[in-house]
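Structural overview for review
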Amino acid sequence: MTADHGADHGGPGFDAVLRSYRLRAKLTQDELAAAAGVGVRTVRDLERGRASRPQRTTVELLAAALGLAGADRLAFLAAARGQQTGAAPPRYVRLPPAGDLIGRDGDVAELVDRLSPTREDGHRGITLVGLAGVGKTSLALAVAHRVAPAHPGGVAGIVVTDGSTAGEVLGGVAAVFGVGRPVDLAPRFAGRSALLLIDAVERAPEAVAETLSQLLRQHPTLRFLATGRHPVGLPTERVWPLAPLVAPPEEAGPELSDVAGYPAVALFLDRLARVRGGPVEPDEVAPLSALVRRLGGLPIALELAAARGRVLTVGEILDRYGDRVLDLSGRPAPGAVVSVREAVAASYRLLAPEEQRALHRLATFRHRWSLDLAEAVIADGSAPDAVHLLDRLLELGLLSARGARAFRFRLLDVVGDYALERAAADGDLPAARHRHAQVMADLAQGIAPDLSGGRLAEAAARLDDVAGDLGAALTFAAREDPHVALRLAAALPRWWRFRGRDVTGRQWLRRLLADPRTADADPLIRAWAKVGLAQLALEHGSGGEEIGSAEAALADFTALGDVPGQLTAHTQLAALWMTAGGYERARRHGTAALGLARGSGRTRDMAVAENNLTWHEIREGDLGAARDRLAEVDRLASRCGEHRLRAVAVANLAEVERLDGRFAEAARLGRDAIAELEEVGDPGHRRRVLATVGMALAEGGRPAEAAAVLAELRTPDAHVPADGPAAIVEAVIALRQGEQKRAAELFTAAVAAYSGGHDPRDTVEALVGVVRSSPDARRREEAVDQLAELCRTGGITLLPRERELLGVEVVHRIECPG
C-alpha cells in the first residue's frame, strides 16, 4: 500500500501532535515557548500548521521542554520529520480504495478468515511475502477493506520508508490511528480488535520488528497484516508466500473462452483493453496463452507486456519479449516497480553468496523437482542445507511448492531466468549445467531397472515428471560431456519406447555412439546403448538395420559377464531376426535366453522367454505346445508378481484360442486381457488384443459387438488409411455379412499394412482372407503365390482351420509349389 495510489493523507500532522503533547503537559503556548527558549510565534505557527520547515534544533528544544523521553520523544521527532524537507518517515494513510483485484479470490477469502478476531491459532499477524510486483499490496488492501467491519478498533496502515527508526514507525502508527502519542493507542482501541497494515517491511526490517513486538505486547486486541520481500521474523507471525497468477496449461483449448478464466489471462486482457480498443483476435489466442505462461503469471510482467499492446499484436509481444521477459520495463502505475529484472534482483540480493550459488544450480531445472534432486544438484563443500535453502526460498516467495508428490518444487520463471543470467555473469553457468546433466544421468540410471515388468508405468511416470530436464541435460552433455550424455541416453530406451519416442531416442543413441569422444566410455554403458538402439529400431520397423548393434552388445555383455545384459540382447535379437526373416536364428536366441534365465534363477526372465517362444510354436502350427508355454508363463509370472506379464500371456492365449476356432473363449479372454492391460498401464498391447477380440466376435457370428470393437480401432482421421488391425477386423465383418468384394479390398489393405511387420503370421491370415473372398481369379492366384513364399521363407505351417478354409487343392499348391 502506498500513498501514491490516490489515498488522502490523513491523521494528525505535527501541528496536532505538538498541541496534544502541550496540553498533556498542561502548558500554554507562552509557557512552552519560554521553557524551550523559542519565540511564542514559532509555537503558534507550528500548531496552526503554518510553519512547514521546523528546524531540528527547535524540535529538540520543544521535546526537552515537554519532558518527552523514550517512545514519546521518538514519536514526536518522527512527526516533526514528516514536515521536514528531505526526511523520509513512514507515510501513514487512510486506506485507499481496494481497486481491481483479479485472480486472488481464494487468497482473499482465506486471509479474511485467518484475520478474524475470533480465530485463535496462535498467530497475531500475517506477512505477505514475494517478489516486487507480484501483487502483495493490492491483496493486502483488498483484505483490509474486507475485514474492516470486524475490527471496530480501526483498520489503518503505514508505508515503511528506507531507514525508518522504530520511533518513527511507532509514531506513524499512532498518527494513522488518529492519536498524537503511542501511549494514547490503548484508549483508542479500548479493548476492541484492530488491524494494522504495514507495507514494505523490508525497507526497515529491524525497526518494524521492534515496533510490532512492542505493539503486540501492549495491545492484545491488535493484529497486523504486513507485506514485504521477506518476513518480519516474529514468533507469532504467519508467513504467506504469494505466488504469481495461474496461467493456462499447454493443453488448454484454442478458443478465448478456454483460457479467459485463468487469472493470468484475465489480468492481461484487462490491462490490454486499457491500451487498445479492439478485442483479441482468434489468431492471437494461442500466442496469448504462450505469452502469459512465459511471463510466469507475474502481475508486473503481465502489466508491462500488456502495455506494449498499444503498438504490438499479442503475437508480436510474444516474439519480441518471450525470450527476454527480464527486459520488460515501464511504469504501469505511479510508484510501481519499473523493471522485471530489478524486481527479481531486489529479492536475489537478500540471499547470502552461497545461497545465490545454490540458486544458480536449481535454476537449471526446467520444471518441477524433488528435494532429493535439489540436494544432488547443489551438493558441494560450501552448499547450504537443502531443506533450509528451500525454506528460505519459499519464505522469500521465490519458489513454489505444490502437492505432496516428490516432484513438487519449482522456481518462479522469472527467478530462474535471473538466476541463470547471474550464473552466466559470474562464470558459474557451465558448472551448473554440467552438474544438472550428471544428476539427471544418475536419476535415469536409478530408474532404468524399474522400466520393465509391473513397475514400468510407475517408473515411466517418474521420468515423465522430468522429461524437460532429461532433454535439456542430453542437449548440453552431448555438446560438452558426451560420456555423461551416453550414460543418460543408455538408460532411456525403454522409456522412449513406452512413450512412442523411439525415433528420437534412436537418433540420440546413434549420434552418441558415433561420437569419437565416447569411444573410451565405460564398455558396459556402450553395450546398453547398442542394445537400446536395436530395441528402438525394432519399434518403428527398422530392426534389421540394427542387428549388428545387438550382436555387438551381446558380445560385450558376454565378455563382461553381465547376465541382465545378455538376457536383454538375446531377447532383442530374437525379435530382430524375426523381422528380418531369420526365424530359426530368432528361435535359437529365444531358447538361449530361456536357458540363461533358468541357469541364473531369474523367474521373470524365464516367463518372458517362454512367452516369446510361444510365437514359434504357433509358427510351426503346434497350438497345443503354445498353450503349454503360456500356462508356464502364467505360473512363473504369478510366482514373481508380474501382473503385466500375466495379462500379456492371457492376450496371447486369446489369440491361440481364436486361431483354433474357439471364438467365444477367445473373445472372453481378450476382454479380460484388455482390462488387465489398462490397469497396469500398457497401451501398446491393447490395440493388438482389440483386433483379436474383434475378429473372434465377427467369426463367431456376433457382428454388432464386432462393429463396436472396430469403432475403437478406427483412426479418427477419415483421410488416414486403416491400419492392419482395423482393416482385418472390418474385412472379417464384411465377409460374414456376404460382402465379398468389400472384404477382398479390406483383406488386401491388411496385407499391405502388415507386410514387413513384426509378425508374418498376420500377413498369412490376411492373405488367406484374400483367397477366400476375392472375386478376381488373378488376385487369388497372386495371393496363393504370396502365401507359398511366406510359408517357405518363414517356416510357417498352416493351421488346421486355415487348411480347411483354403481347401485341399490350394493347400497343396502352397506346400508343394511348382
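So, here's what we can say about the structure. (Residues numbered from 1 in each chain as written. Predicted model: local features only at pLDDT ≥ 70, side-chain atom pairs only at ≥ 80, totals over all residues. Heavy atoms only, no water.)

Within the protein one finds 42 helices and eight strands. In summary, the protein has a C-alpha radius of gyration of 38 Å against a globular reference of 28 Å for 818 residues, an excess of more than 25%. On the principal axes, the C-alpha backbone points of the protein span a range of 135 × 60 × 50 Å. Within the protein, the fraction of its 818 residues that count as buried is 53%. Contacts spanning at least 24 positions in sequence make up 69% of the contacts within the protein whose residues lie at least 6 apart. (Helix = DSSP H or I, 4+ residues; strand = E, 2+ residues; numbered from the N terminus. Rg over C-alpha atoms; globule rule 2.2 N^0.38 Å. Buried < 20%, exposed > 50% of the residue type's maximum accessible area, 1.4 Å probe, protein only. Contact = heavy atoms within 4.5 Å.)

Here strand S2 (residues 125-129) lies mainly inside the structure; five of its five residues are buried. Side chains Gly125, Thr127 and Val129 project from S2 onto one buried face, and the interleaved Ile126 and Leu128 project onto a second face that is buried too. Where S2 meets strand S5 (residues 222-228), five bridges bridge the pair, whose relative direction is parallel. Its bridge partner lying in S5, Val129 is registered against Gly228. Direction of pairing for S2 relative to strand S6 (residues 237-241): parallel, over a ladder of five bridges. (Pairing = 2+ DSSP bridges.)

Okay, the packing of helix H8 (residues 166-176) against helix H10 (residues 205-218) next. At a closest axis distance of 8 Å, the pairing of H8 and H10 adopts a crossing angle of 50°. Classified by the angle their axes make, H8 and H10 are oblique. As for the relative orientation of H8 and H10, their crossing is right-handed in sense. For the pair H8 and H10, the contacting residues are Ala166, Val169, Leu170 and Val173 in the first and Ala207, Glu210, Thr211, Gln214 and Leu215 in the second. Taken together, the residues that form the contact of H8 with H10 break down as six nonpolar, two polar and one charged. (Axes fitted to C-alpha atoms, helices over the stretch in contact; angles between N-to-C directions. Parallel < 35°, antiparallel > 145°, perpendicular 65-115°, else oblique. Left-handed = near helix turned anticlockwise from the far one by under 90°. Nonpolar A, V, L, I, M, F, W, Y, C, P; charged D, E, K, R; others polar.)

A word on the packing of aromatic side chains. Summed over the entire model, instances satisfying the criterion amount to six aromatic pairs. Measuring from centroid to centroid gives 5.5 Å for Phe365 and Trp369, while their planes differ by 25°, and the two rings are stacked. In this pair, the class of Phe365 matches that of Trp369, namely buried. Taken together, the ring pairs in this structure connect Phe365, Trp369 and Phe409 into an aromatic cluster. When the ring centre of Trp577 is taken as origin, the NZ or CZ atom of Arg585, which lies over that ring, is 4.4 Å away. (Phe/Tyr/Trp six-rings, centres within 6.5 Å; stacked < 30°, edge-to-face > 60°. Lys NZ or Arg CZ within 6 Å of the ring centre and 35° of its normal.)

With that out of the way, let us pick up empty space enclosed by the protein. The tally for this structure, following the rule as stated, stands at one cavity of 30 Å³ or more. Volume-wise, the largest cavity comes out at about 60 Å³. Around the largest cavity, the lining residues are Glu354, Arg357, Ala358, Arg361, Ile378, Asp380, Ser382, Ala383 and Pro384. Sort the elements by how many residues they give to the lining of the largest cavity and helix H17 (residues 353-362) lands first, with four residues. (1 Å grid on protein atoms, 1.4 Å probe; cavity = no way out; pocket = protein on both sides within 12 Å on 5 of 7 lines; lining within 4 Å. Points joined across faces, edges and corners; volume = space filled by probe spheres on them.)

Turning next to the nonpolar core. Phe268, Leu362 and Trp369 are the most contacted members of the largest nonpolar core, which has 122 residues in total. Here this core takes eight residues from helix H21 (residues 429-447), the largest share from any one element. Setting aside residues no more than four positions away along its own chain, Phe268 makes contact with Leu288, Leu291, Val292, Leu302, Ala305, Ala306, Val314 and Ile317. Grouped together as the second largest cluster of nonpolar side chains are 54 residues, Ala666, Val709, Phe747 and Ala783 included. (Core = buried A, V, L, I, M, F, W, Y, C linked by side-chain atoms within 4.5 Å.)

A few words on the pairing of S5. Buried residues dominate S5, accounting for seven of its seven residues. On S5, burial covers both faces: Leu222, Phe224, Ala226 and Gly228 on one face and Arg223, Leu225 and Thr227 on the other are all buried. Pairing between strand S4 (residues 194-199) and S5: five bridges, direction parallel. Residue pairing across strands places Leu196 opposite Phe224, the latter belonging to S5. Chirality of the crossover, the property in question, places the unit of S4, H10 and S5 among those that are right-handed. (Right-handed = clockwise from strand over helix to strand, strands pointing away.)

So, about the side chain of Arg658. On the secondary structure map, Arg658 appears in helix H33 (residues 643-659). When its relative accessible area of 0% is taken as the criterion, Arg658 is described as buried. Every residue in contact with Arg658, bar those within four places of it in the chain, is listed here: Phe663, Ala666, Thr692, Met695, Ala696, Glu699 and Glu765.

With that settled, consider the layout of surface pockets. The computed volume of the second largest pocket comes to approximately 1700 Å³. For the second largest pocket, the lining is made up of 46 residues, of which Arg293, Arg366, His367, Arg410 and Asp413 are closest to its centre. Contributions of two or more residues to the lining of the second largest pocket are made by helix H13 (285-294), strand S7 (399-401), strand S8 (409-411), helix H20 (413-425) and helix H23 (467-480). Residue contributions to the lining of the second largest pocket peak at four residues, all from H20. Here the lining of the second largest pocket is composed, by residue class, of 22 nonpolar, nine polar and 15 charged.

A few words now on the packing of helix H39 (residues 760-773) against helix H40 (residues 777-794). The relative placement of two packed helices is expressed as an angle between their axes plus a distance between the axes. Two elements in contact, H39 and H40, have axes separated by 9 Å at closest approach and are oriented at 155°. Of the possible angle classes, the one that applies to H39 and H40 is roughly antiparallel. In the crossing of H39 with H40, the sense of the turn from one axis to the other is left-handed. Residues Pro760, Thr763, Val764, Leu767, Val768, Val770 and Val771 of H39 form the contact with H40, whose participating residues are Arg779, Arg780, Ala783, Val784, Gln786, Leu787 and Leu790.

Bringing the state of the cysteines into the picture now. All told, the structure shown has zero disulfides when counted by the stated rule. Unpaired in this structure, Cys791 has its nearest cysteine sulfur neighbour in Cys816, at a distance of 12 Å. (Disulfide = S-S within 2.5 Å.)

This paragraph deals with helix H32 (residues 623-639). Taking 1.5 Å per residue, 17 residues should reach 24 Å; H32 reaches 24 Å between its end C-alpha atoms and fits that length. Three or more residues of H32 are buried, namely Leu623, Ala625, Ala626, Arg629, Leu630, Val633, Leu636 and Ala637. Taken end-on, H32 shows its buried residues confined to a sector of 150°, consistent with a single buried face. Seen from the open side of H32, the exposed residues pointing more than 90 degrees away from its buried face are Asp628 and Arg639. As for H32, its buried residues are in contact with helix H30 (583-599), helix H31 (603-619) and H33. Phi for Gly641, located one or two positions after H32, is positive at around 70°. (Expected span 1.5 Å × (residues − 1). Arc of directions from axis to C-beta.)

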